[in-house]
Structures are given as structure tokens and as C-alpha cells.
Amino acid sequence: MMTVSEQINALLPQTQCGQCSYKGCRPYAEAIAEGNADINQCPPGGDDGIHALAAFLDVPFKPLNPAFGVHKPRQVAFIIEQDCIGCVKCLAACPVDAIIGAAKFMHTVIADECTGCELCIAPCPVDCIVMEAADELDVLAKREKADFAKRRFEARELRKLQEAAEKAERARLKKAALLQKQSV
Ligand code: SF4
Ligand code: SF4
Ligand code: SF4
């Protein structure tokens, strides 16, 4: 059975943009469930999203708080590949791993996987990422895309945790080896 925060998360658009002031939709859902965040902090979800949250939580609707941003039509990122210097900064910034490329090679966005979060724009040192208008999706396609982005975000979070654990283990082994060397 889904927890309250999981049910709230299922109502969020999974753009993973952080505009709500949390590092992704799931942390925002948890903050709402704990009573620490209001229901009107998600610009990508807009009024439809706030209505869904208000109905689920049985609280009155309130308009989007403009302090968190404005609702915009759907967009996707596009990399002007001839200007890309292959610095990989956008790769690290993308919350759903929608950018492919390697160090020193041009990068490209997988348009179907891009949530339009804009988090890759600021880190690009040569300003070669632009946002372009995307086709609006019907309700079902929107939900399918959100579910896909949620899975991508969760897989990335898990990978980051595993990488951190592996790094800690390597540091521990190195330290143990050094201590052993000093003791002989
Ligand atoms: S889409 Fe952006 S603003 Fe909305 S809940 Fe997710 S991270 Fe927060
Ligand atoms: S490619 Fe850019 S805009 Fe698209 S999801 Fe990744 S970081 Fe967000
Ligand atoms: S941040 Fe900009 S220059 Fe660097 S790899 Fe991404 S698109 Fe290319």
C-alpha cells in the first residue's frame, strides 16, 4: 500500500526542477505529507496540479504562489551541438539522465526523456543549450511521461547512493591499507 507521501508524489508532474524549493518531486511530496510545505509551490503542475492535491488532501484550492515561479507551456532542451565543448557539466545537472555524451565529445538531449526542468541551462559554460516549445500532451501521455521521469529520477538517485557507498568503501580500504603499512 502506498504511503501518503507516495500518493502525493504520484500527483506531481515529475519534472524534477526544484522550483518548489525541494530537490525533486519526492522530497516536496514528503514535505507536504509532513505539513512542512504548502500545496501551491509547483509551477510545472500549475493550477491542475494544485486542484489534484487539494482534492486528495481535502483542503481548499489556492493559486500557485508566484514566489516559486510561473506555469509555462511544455518545453524540451536542445543542444546546439556545433558549439558544445563536451565539458559534461550538463550531464551532471540533468535529474533524469536525458543527456548523452562523453568528455570532449558533443552532447545531445534525448527529447522524449527531457522533462523541461531547465537545470542544464545554467551550468553550460558556452550557453549552447536552449529551451524549445514541445507539443502539449494529453492527460494519459502526460501521466506516462511523468511515470517514466519518476523511474529515471529514482534510478539516478539510487546510482548516486551506490557511487557514494563505493567511494566510501574505497576510502575505508585505502585508510586500512595505510594503517597496516604504518604498523609494520
Ligand atoms: S515538478 Fe519541480 S516544482 Fe514541481 S514538485 Fe517536482 S521538483 Fe518541485
Ligand atoms: S536535458 Fe536539461 S531540461 Fe531536459 S531534463 Fe535534463 S536537465 Fe532538464
Ligand atoms: S554543458 Fe554545454 S558545453 Fe558542456 S557538454 Fe553540456 S552542452 Fe556541451
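Residues numbered from 1 in each chain as written. Chains lettered and ligands numbered in written order. Predicted model: local features only at pLDDT ≥ 70, side-chain atom pairs only at ≥ 80, totals over all residues.

Quick look at the overall build of the chain
Piece 1. Helix and strand counts for the chain come out as five helices and four strands.
Piece 2. Principal-axis analysis of the C-alpha atoms places the extent of the chain at approximately 70 × 45 × 30 Å.
Piece 3. Counting every position in the chain, which comprises 184 residues, the buried fraction comes to 24%.
Piece 4. Contacts spanning at least 24 positions in sequence make up 60% of the contacts within the chain whose residues lie at least 6 apart. (Helix = DSSP H or I, 4+ residues; strand = E, 2+ residues; numbered from the N terminus. Buried ≥ 20, exposed ≤ 12 C-beta atoms within 10 Å, placed from the backbone. Contact = placed C-beta atoms within 7 Å.)

Comments concerning the confidence of the model for the chain
Piece 1. Within the chain, residue pLDDT values average 95, and 100% of them lie at 70 or more.
Piece 2. At the low end of the mean pLDDT range in the chain sits strand E3 (residues 108–109), at 92; at the high end sits helix H2 (residues 25–33), at 98. (pLDDT = per-residue confidence, 0-100.)

Re the site of ligand 3
Piece 1. Ligand 3 sits among 15 residues. The nearest are Cys84, Cys87, Lys89, Cys90 and Cys124.
Piece 2. Residue composition of the shell around ligand 3, by class: 11 nonpolar, three polar and one charged. (Near = placed C-beta within 6 Å. Nonpolar A, V, L, I, M, F, W, Y, C, P; charged D, E, K, R; others polar.)

Quick word on the nonpolar core
Piece 1. Counting 14 residues, the largest nonpolar core has Cys90, Cys94, Ala98, Ile99 and Cys120 as its most contacted members.
Piece 2. No other element matches the three residues that helix H5 (residues 139–183) contributes to this core.
Piece 3. If you look at the next biggest cluster of nonpolar residues, it comprises 12 residues, including Ala29, Ile32, Ile39 and Leu53. (Core = buried A, V, L, I, M, F, W, Y, C linked by C-beta atoms within 7 Å.)

Some details on H5
Every α-helix carries 3.6 residues per turn, so stepping three or four residues along brings you back to the same face.
Piece 1. Over its 45 residues, H5 extends 66 Å from the first C-alpha to the last, a length consistent with the 66 Å expected when each residue adds 1.5 Å.
Piece 2. With four of its 45 residues buried, H5 lies for the most part at the surface.
Piece 3. Where H5 is concerned, the buried positions are Ala146, Ala149, Lys150 and Phe153. (Expected span 1.5 Å × (residues − 1).)

Regarding the domain arrangement of the chain
Piece 1. Here the chain is described as being made up of domain 1 (4–68) and domain 2 (75–133).
Piece 2. Look at where the C-alpha atoms of domain 1 and domain 2 centre, and you get two points 26 Å apart.
Piece 3. Listed per partner, the contact involves five residues of domain 1 and seven residues of domain 2.
Piece 4. Residue composition of the side of domain 1 that touches domain 2, grouped by class: one nonpolar, four polar and no charged. (Domains from an automatic or database assignment.)

Quick notes on H2
Piece 1. Along H2, the positions that sit buried rather than exposed are Cys25, Arg26, Tyr28, Ala29 and Ile32. Considered in projection along H2, the buried side chains sweep an arc of 160 degrees and stay on one side of the axis.
Piece 2. Tucked into the core, H2 has its buried residues touching helix H1 (4–9).
Piece 3. One or two positions beyond H2, positive phi appears at Gly35, with a value near 80 degrees. (Arc of directions from axis to C-beta.)

A look at unusual backbone geometry
Piece 1. For Ser21, which is not glycine, the phi torsion reads 90 degrees and is therefore positive.
Piece 2. Examined against the element boundaries, Ser21 turns out to sit in the loop between H1 and H2.
Piece 3. Positive phi, normally seen in glycine, also occurs at Asp127, with a value near 50 degrees.
Piece 4. For Asp127, the location among the structural elements is in the loop between E3 and strand E4 (129–133).

Description of the environment of Ile50
Piece 1. By the element assignment, Ile50 lies in helix H3 (residues 46–57).
Piece 2. Its 22 C-beta neighbours within 10 Å are what place Ile50 among the buried residues.
Piece 3. Sequence separation between Ile50 and Phe61 is 11 residues; the distance between their C-alpha atoms is 6.6 Å.
Piece 4. Apart from residues no more than four positions distant in its own chain, Ile50 is found in contact with Ile39, Asn40, Gly45, Phe61, Lys62 and Leu64.

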